[in-house]
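Chain residues, written in single-letter form:
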Amino acid sequence: MTSKFEHKGEWKLPNDENWINGTLKFDIEQGTSLELFGTFNQPFFDRDEQKIILGKTTNGDITLINSWYSSTKTSHNGIIIGKYTPSIILEGHHFTESSEIKFSKVIFRVFNLFQWLNLTGLEVNIKNQSKSYKIEYDEIPKIEFKLRENCEGKITFDGPITTNGPYNSIELKEAAYITLEYSKSEHYELILRDISKVIGFFTIVTFEQSYPQSIVLSDDKYKRKTFSLERNKYIKCFYNHTSYNKRHRLRNRAEHLVSFEDISTEFPKIIENWYNLYEDTEEVIFLILNHFKDKYRFTNDKFIDTVRALESYHRIHFNNDRIPKDEFEKLVSNIITQVKLEEQDLNWLKQRLMGNEPNLKIRIEELVEKHSNDFIEHNVPKVNKFARITTENRNYYTHYDIRKKKNALKGKELSELTRQNRAIIISCLLNHIGIDSKYFEDGLKYNLG
């Protein structure tokens, strides 16, 4: 996923016999492009997306999915050059229909995963003032978990060794891989969504934007011949992940929000709980994770997104009817029957009487009451005042009421208010999936203090 490559070859549409020469380029930062000496679209008028493009290259068979027709130009000798932007690259097999692209297994590497696990099979003993060395490596036991129904997962470790003869150099580089195995073949889009959900967990616990570093898919249906044996094909997947940025850095154990060591015995249940929470509150998690793409830059939108996440989480997981529904409807009906108003005014009154949900101030107070910890108590000592200020600023930045502009927080003060609210919603999420506050209070202090 983070590699850079260029493949030259021939390209065609699934139902066409004519191949066109061209070059596929992939760069996680610059983007993906397929440049052809020709085009699958009519120049100037036809801008349709090509669902599938097949390629024969020196690197093997390639399938391009959802390729946007970006431009056409004519060279000095009259050759038409068409340029496409593929959304997904599958290297290793030809697929002719998008609906048929299904797999039962995926193996992927995750940025910062190995650092978060903080496990090693390497042992180095140095003796005699660095004159004698002993290096040993034992494979780390796998970590098994169940992601969801019909999907088993595991984390495995590898420590491949490479040698360089001329300099007698040896390099052993450890890595961690996640494998998801499905009881039946699933569409690639569902699998990529599952990968994103898993990666979201590691973004939260490491407090650094994570992303897939490599993705390999397989299924018993897709075989390759090795001498006289048939083996499963391993199909590499590439796409320009929107979360990637070279500024995201590897973080060590002391910098993480949650330490794996503290939750290792409960990790299988926690990751399953995370997946279920993601299914129930995807909008909330998306709003929180979106912050990490550019976490060192503050904008007013980050304040709004954080408050929206708090409000949505409360709406999904707390009681929203301040008065029992039947009782509330009866109360509204009694009020309507007792007033005599023109139709226009009556409609206005009915709209005003529709609200039976708590306001934002009450929502924040209830969230803090249930999910408070030492960090929140220290940073939000007066909850009622804090909830009121958050509500007033939300109202201003949502509607930009000129009457409230004078008291609206800006810059550093608004950033501080956002930081405090972010601590609340993150505490809600971590508590929800079964992580005790004592395991992330120090992490909150380090990352949000």
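Summary of the structure given here. The model shown is predicted, which means the values in this text are computed figures rather than measured ones.

Brief notes about the overall build of the protein chain
Link 1 in the chain: Summing up its helical and strand segments, the protein chain has 13 helices and 18 strands in all.
Link 2 in the chain: Going through the 449 residues of the protein chain one by one, you find that 47% of them count as buried.
Link 3 in the chain: Summed over its atoms, the accessible surface of the protein chain is roughly 25100 Å², and 47% of this surface lies on carbon and sulfur atoms.
Link 4 in the chain: Considering the protein chain, the positive charge centre built from 65 side chains and the negative charge centre built from 65 side chains are found 4 Å apart.

What about the packing of helix H11 (residues 383-399) against helix H12 (residues 411-432)?
Link 1 in the chain: Look at H11 against H12: their axes get within 11 Å of each other, and the N-to-C directions meet at 115°. The chirality of how H11 crosses H12 is left-handed. The residues of H12 that touch H11, namely those facing Phe386, Ile389, Thr390, Asn393 and Tyr397, are Leu414, Leu417, Gln420, Asn421 and Ile424.
Link 2 in the chain: Per-class residue counts for the contact of H11 with H12 are six nonpolar, four polar and no charged.

Focus on unusual backbone geometry
Link 1 in the chain: The phi torsion at Asn118 lies on the positive side, around 55°, for a residue other than glycine.
Link 2 in the chain: Taking relative accessible area as the criterion, Asn118 reaches 49% and is therefore assigned partly exposed.
Link 3 in the chain: Notably, Phe207 is not glycine yet its phi reads approximately 60°, a positive angle.
Link 4 in the chain: Judged by its relative accessible area of 3%, Phe207 is buried.

So, a nonpolar patch on the surface
Link 1 in the chain: Together, Leu122, Val124, Ile126, Tyr133 and Ile135 make up a nonpolar patch on the protein surface, roughly 500 Å² of accessible area in all.
Link 2 in the chain: Considering each element in turn, the nonpolar patch owes the most residues, three residues, to strand S8 (residues 122-127).
Link 3 in the chain: Considering the arrangement of structural elements, one finds Val124 in strand S8.

The rules behind the values
- Going along each chain's sequence as written, the residues are numbered from 1 onward.
- Only residues with pLDDT of 70 or above have their local features reported here, since the model is predicted, and side-chain atom pairs are shown and tallied only from 80 upward, although totals for entire chains, interfaces and linings are computed over all residues.
- To get the side-chain values, take all heavy atoms of the structure and skip hydrogens and water.
- Numbering of helices and strands runs from the N terminus; a helix is a DSSP stretch of H or I covering at least four residues, while a strand is a stretch of E covering at least two.
- Burial here depends on accessible area, computed with a 1.4 Å probe over protein chains only, as a share of the maximum for the residue type. Under 20% is buried, over 50% is exposed, and the range in between is partly exposed.
- Note that accessible areas follow from Shrake-Rupley with a 1.4 Å probe, and for residues the cover is restricted to the protein chains shown.
- Neither His nor the chain ends is counted toward charge; the positive residues are Lys and Arg and the negative residues Asp and Glu.
- Lysine's charge is taken at NZ, arginine's at CZ, aspartate's at CG and glutamate's at CD.
- Lines are fitted to the C-alpha atoms to define the axes, a helix being fitted only along its stretch in contact, and any angle between axes, read from their N-to-C directions, falls within 0 to 180 degrees.
- Two helices that cross are described as forming a left-handed crossing if the nearer one is turned anticlockwise from the farther one by less than a right angle, and a right-handed crossing if clockwise.
- We call two residues contacting when some pair of their heavy atoms lies within 4.5 Å.
- Three classes are used: nonpolar for Ala, Val, Leu, Ile, Met, Phe, Trp, Tyr, Cys and Pro, charged for Asp, Glu, Lys and Arg, and polar for all others, with Gly counted as polar.
- Note that patches include only residues with greater than 30% relative accessible area and no salt bridge, and the join distances are 9 Å for like charges and 5 Å for nonpolar side chains (Val, Leu, Ile, Met, Phe, Trp, Tyr).
- We count a salt bridge whenever a side-chain nitrogen from Lys or Arg sits within 4 Å of a carboxyl oxygen from Asp or Glu.

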